[in-house]
Structure formats: C-alpha cells, structure tokens
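# Analysis of the macromolecular model
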Amino acid sequence: MAAAIEVYQQILQELNVTNTTLIAVSKTKPVEDIVALYNAGQRDFGENYVQELIDKAALLPTDIQWHFIGHLQKNKVKYIAPFVYLIHGVDSLSLLAEINKQGLKCNRVIDCLLQVYIAKEETKFGLNAEELTEILSTVQSGIFSNIRLKGLMGMASFTENQSQIKSEFQYLKHLFESCKKKYQKLSDFTILSMGMSSDYKIAIACGSNMVRIGSLLFGSRS
Ligand SMILES: *Cc1c(COP(=O)(O)O)cnc(C)c1O
C-alpha cells in the first residue's frame with residue numbers, strides 16, 4: 001500500500017484546493033487496505049453492498065464515516081440505519097420513507113443524497129428532473145422527521161468522450177443550483193457528489209464538492 005498512500009496524498013492535495021471531500025471507495029477490497037488509508041488519516045469510506053458494509057464496519061474503528069453509494073433495497077435499510085453516515089443513492093420516495101422509518105426506530109436523523117440519472121446508459125439508476133422536483137417538494141413539506149436531504153449524487157456515462165462527461169456533470173450542477181434556490185427551506189442542501197477515478201477532475205471543474213474514488217486508490221477490481 002506504500003504507493004497507494006502516495007497517490008492518496010496527491011489526490012488530497014488536489015482536492016484541498018477546491019475544498020472537495022474525498023470518499024475512498026473500498027468495495028471488494030480487504031479490511032487491511034482500509035486500515036492503511038485510515039492510518040494515513042482517511043475517515044470517509046464508501047461501500048455499495050449492504051452485507052459487505054456491515055461486515056467491514058464490525059471489524060474497523062468506529063470513527064469511520066461510512067457512505068453507502070450503491071443501489072439500496074428497501075428491505076436492507078434497517079441493517080445500515082444505525083450507523084451509516086450518508087446514503088448517496090436514494091432514487092425513490094418509497095425508499096426515502098423507509099429510511100425515515102428506520103431512522104425513527106434507531107432515533108437518528110439520516111443524511112441522504114438523491115441520485116439523479118445523468119448518463120446516456122440504461123444500466124444506471126436515478127431520478128429524472130421531474131421526479132427530483134416531486135421528491136424535494138414532498139420533503140420540504142416536512143413529513144420526514146428523521147431524514148436530512150444533503151444534496152445530489154450522479155454518475156456520468158462510462159465513455160472516453162470527455163465533453164459528454166463534462167456536459168452531464170454540468171447538467172447535474174445546474175440542477176443542484178436550481179434546487180437550492182427553489183427549495184430554500186432545505187438549508188442543509190449543500191453536497192454535490194459526482195466524480196470517480198476516471199472523471200473526478202472533470203467533476204471538480206464542473207462544481208463537484210464530493211468525489212468517490214476507488215480504483216485509483218486501491219487498485220483495479222477484478
Ligand atoms: C465503484 C463506485 C465508485 C468508484 O469507482 P472507481 O472508478 O473505482 O473510482 C464511485 N461511485 C459509485 C457509485 C461506485 O459504485
């Protein structure tokens with residue numbers, strides 16, 4: 001992991017300039033790799049499978065801030081509700097309602113991001129602009145006491161075409177800003193989570209303030 005720590009520190013320096021938060025995406029990687037970055041100072045880690053997240057969290061220091069970045073099934077919310085730091089991929093009102101319910105049960109207010117569909121790929125999840133508006137209006141009305149909507153998350157197309165990636169990120173930034181204006185009661189709406197190993201520089205240039213980086217830190221996944 002010595003090389004990885006160097007890469008980690010380089011990325012941190014880049015992100016410092018724009019005050020961007022780094023989520024180290026540790027999915028499929030062993031606990032030892034997480035410990036190495038933890039010892040270098042990293043506290044925010046991202047996982048996308050519930051079982052894997054629970055297993056790892058049980059073995060690791062409790063001051064790690066766990067981000068759930070995958071597609072969350074309603075029947076699994078209860079397993080992560082007691083400790084998850086931020087849920088990035090909320091893409092329906094019914095999922096939000098379930099997170100609220102589980103938050104209530106464990107007496108926590110759970111921070112969430114709404115996932116917006118910005119890619120030109122069928123395989124990706126997320127809300128369109130209309131669905132986003134609908135959810136934000138509902139949340140602003142105050143029915144969810146145990147949820148705090150912190151912002152938006154999105155994934156660009158998996159493509160070499162930099163200008164396409166850029167226009168997808170620009171679109172999400174635009175949505176983010178217009179939501180902030182329109183839903184001023186949501187005062188905690190401050191996070192724009194976009195950018196991965198291959199496109200985080202473009203994402204930052206487009207106004208991201210939270211990037212989710214895996215393979216660049218931990219090596220490629222098989
Ligand atoms: C896996 C994953 C990442 C990190 O991907 P890398 O290309 O390895 O940086 C970021 N966000 C989400 C939602 C992911 O599933």
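See the structure above.
So, a few notes on the structure that sits alongside this text. (Residues numbered from 1 in each chain as written. Predicted model: local features only at pLDDT ≥ 70, side-chain atom pairs only at ≥ 80, totals over all residues. Heavy atoms only, no water.)

The number of helices and strands found in the protein is nine helices and eight strands. Relative to the 2.2 N^0.38 estimate, which gives 17 Å for 222 residues, the radius of gyration of the protein is 17 Å and therefore close to what a compact globule would have. Its C-alpha atoms give the protein principal-axis dimensions of about 50 × 40 × 30 Å. Classification of the 222 residues of the protein by burial places 50% in the buried group. As displayed, the protein offers around 10,700 Å² of accessible surface, 51% of which is attributable to carbon and sulfur atoms. (Helix = DSSP H or I, 4+ residues; strand = E, 2+ residues; numbered from the N terminus. Rg over C-alpha atoms; globule rule 2.2 N^0.38 Å. Buried < 20%, exposed > 50% of the residue type's maximum accessible area, 1.4 Å probe, protein only. Areas by Shrake-Rupley, 256 points an atom, 1.4 Å probe, with all protein chains shown as cover.)

With that settled, consider the pairing of strand β4 (residues 86-90). Most of β4 is tucked away, with five of its five residues classed as buried. Bridge count between strand β3 (residues 65-68) and β4: two bridges; the pairing is parallel. Following the sheet pairing, H67 is matched in β4 by L86. Across two bridges, β4 lies against strand β5 (residues 110-116) in parallel orientation. Of the residues in β5, the one forming a bridge with V90 is L114. In terms of handedness, the path from β4 via helix α5 (residues 93-105) over to β5 forms a crossover that is right-handed. (Pairing = 2+ DSSP bridges. Right-handed = clockwise from strand over helix to strand, strands pointing away.)

Everything listed here is a matter of geometry and, on its own, says nothing about what the molecule does.
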